[in-house]
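Per-entry structural report
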Amino acid sequence: MNIELSGPDISQAEIDAVADVLRSGRLSLGPAVPRFEEAISKYVGTKHAIAVSSGTCGLHLLVRAVGLQPGDEAISTPFSFVASSNCILFEGGKPVFVDMDPETWNIDASALESAVTSKTKLLIPVNVFGQPADFDRINACARKHSLRVIEDSCESLGAKYNGRMSGSLGDAGVFGFYPNKQITTGEGGMIVTNDDEIARLCQSMRNQGRDTGMSWLSHERLGYNYRLSDVSCAIGAVQVQRIEEILGKRRRVAGWYRERLATEQRISFQKIEPNCEMSWFVFVIKLADSYSEADRASMIEKLRARGIGCSNYFAPIHLQAFYKRQFGYKPGDFPVCERIAARTIALPFHNHLTESEVDQVCETLRSLL
Ligand SMILES: *Cc1c(COP(=O)(O)O)cnc(C)c1O
């Protein structure tokens, strides 16, 4: 048995689109970039979409665009992929963590207020595993304290919150297109926003600080090369055309898992709020609290030995070596995050999984519980 943890869904149309770009001779700054951007802005319903070379680059540009200064504080969750708080460090800001909600696994929005200080400038909620965070509460807190909100929507393309599309829930959002995400461009990301000023700054900063119409060697501000190539954008534009098919397949696989594991008392799932429509990014289970972190490690090892790809999503950010060194974090600082992160297992999840493979994964998992 060999069941991969994840994998992209690439059809002949993406392959043809790449070949077209290669034959065209325009490999960068060509027509595929606006084609992909327009497809995303239309799908998400935002005025602007700006393609960048990764989700991490997109987060970095947004943190600069909202003007975070060295020493400013930004609030985020410790239960995430490390990039969602690294982007604060890139600009010399201080990440302040608020522990996660034990049910939804998103930042506990009811605890935000108590983390706000006179130095707080920014909130970076993460839509964990494809479920939007509690944006009504998050935006209310932001309004009250005049904070900016960057939605880390890297895992939630296509998700909805009270009927509104993920990516459009804060001042700006970012999607990531690494091959395990809902749609992929190999590497890549997309900033989305309705804010003209944020869009203008991000467009300039991704392209070496040039403003529109400026010559190649004129630079209005500090910039980067965070552009996404036409080859990548051509793949992305086709993936967006196929988005309903892709998300539908993922929903079906998640349904198979939930059905088969529903009655299993020794594991639980992320709670999906009734006002949220999930866009399935990964399929993660949580072992009961009676299991230890060592039990989880041995279970992952045994699943892998049986050819089942799996992983320990997420490892708490505050316990990463350099966060501990720089900020003095220690075990016990964010107990909900630590309890859950020690017991989660991401199971194989991608569009090519068959129902019988899901059966095999569930049977093997059960036999190891
Ligand atoms: C994937 C992801 C990112 C961005 O990752 P890149 O590999 O830089 O595209 C950012 N935040 C979260 C929560 C992610 O899952």
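A brief report on the enclosed structure follows. (Residues numbered from 1 in each chain as written. Predicted model: local features only at pLDDT ≥ 70, side-chain atom pairs only at ≥ 80, totals over all residues. Heavy atoms only, no water.)

Here we look at the overall build of the protein chain
Assigned secondary structure in the protein chain consists of 12 helices and 13 strands. At 21 Å, the protein chain has a C-alpha radius of gyration in line with the 21 Å of a compact globule built from 369 residues. Its C-alpha atoms put the protein chain at 65 × 55 × 35 Å along the principal axes. For the protein chain, buried positions account for 57% of its 369 residues. A sequence separation of at least 24 residues applies to 71% of the contacts in the protein chain between residues at least 6 apart. (Helix = DSSP H or I, 4+ residues; strand = E, 2+ residues; numbered from the N terminus. Rg over C-alpha atoms; globule rule 2.2 N^0.38 Å. Buried < 20%, exposed > 50% of the residue type's maximum accessible area, 1.4 Å probe, protein only. Contact = heavy atoms within 4.5 Å.)

A few points about a nonpolar patch on the surface
A surface patch of nonpolar side chains, about 370 Å² in accessible area, is lined by Leu29, Trp216 and Leu217. Relative to the helices and strands, leucine 217 is located in the loop between α6 (196-206) and α7 (230-241). Relative accessible area serves as the criterion here: at 72%, leucine 217 is assigned to the exposed category. (Patch = residues over 30% accessible without salt bridge, like charges linked within 9 Å, V, L, I, M, F, W, Y side chains within 5 Å. Areas by Shrake-Rupley, 256 points an atom, 1.4 Å probe, with all protein chains shown as cover. Salt bridge = Lys/Arg side-chain N within 4 Å of Asp/Glu carboxyl O.)

Here we look at the packing of helix α3 (residues 55-65) against α6
How two helices pack is summed up by the angle between their axes together with the distance between the axes. In the contact formed by α3 and α6, the axes pass within 9 Å of each other and the chain directions differ by 125°. Put simply, α3 runs oblique to α6. Both α3 and α6 take part in a crossing whose hand is right-handed. Packed against α3, whose contacting residues are Leu61, Leu62, Arg64 and Ala65, the element α6 presents Ile198, Leu201, Cys202, Met205 and Arg206 at the interface. (Axes fitted to C-alpha atoms, helices over the stretch in contact; angles between N-to-C directions. Parallel < 35°, antiparallel > 145°, perpendicular 65-115°, else oblique. Left-handed = near helix turned anticlockwise from the far one by under 90°.)

A closer look at the sheet that holds strand β11 (residues 276-277)
Pairing is antiparallel in the open sheet, where 3 strands are placed in the order β7-β6-β11. Strands with a single pairing partner mark the edges of an open sheet, and in this sheet they are β7 (164-165) and β11. Sheet topology note: the strand β6 (residues 160-161)/β11 ladder contains 2 bridges and is antiparallel. When the sheet's bridge partners are listed, lysine 160 is paired in β11 with glutamate 277. (Pairing = 2+ DSSP bridges.)

Thoughts on the pattern of salt bridges
Counted under the stated rule, the structure contains 25 salt bridges. A salt bridge links arginine 242 to aspartate 9; its shortest N-O distance comes to 2.7 Å. You can see arginine 242 sitting in the loop between α7 and α8 (243-261) and its partner aspartate 9 sitting in the segment before α1 (12-24), a full 233 residues away along the chain. Both residues of the pair, arginine 242 and aspartate 9, belong to the buried class. Glutamate 264 serves as the salt-bridge partner of arginine 266, at 2.8 Å between the closest nitrogen and oxygen. Owing to a relative accessible area of 9%, glutamate 264 belongs among the buried residues under this scheme. What emerges from the salt-bridge pattern is a single network uniting Asp9, Glu14, Arg242, Glu245 and Lys249.

Some details on the sheet that holds strand β10 (residues 267-269)
Strand pairing in a sheet takes place through backbone hydrogen bonds and is either antiparallel or parallel in direction. Spatially, the 3 strands line up as an open sheet ordered β10-β12-β13, and their pairing is antiparallel. Strand pairing shows two members of the sheet lacking a second neighbour, β10 and β13 (344-347), which therefore form its edges. Here the strands of the sheet are splayed against their neighbours by 35° on average, with no regard to which way each runs. The pairing of strand β12 (residues 283-287) with β13 spans 4 bridges and is classified as antiparallel. When the sheet's bridge partners are listed, valine 284 is paired in β13 with alanine 346. Along the sheet, α8 contacts β10, β12 and β13; its crossing angle with β12, the most-contacted strand, is approximately 25°.

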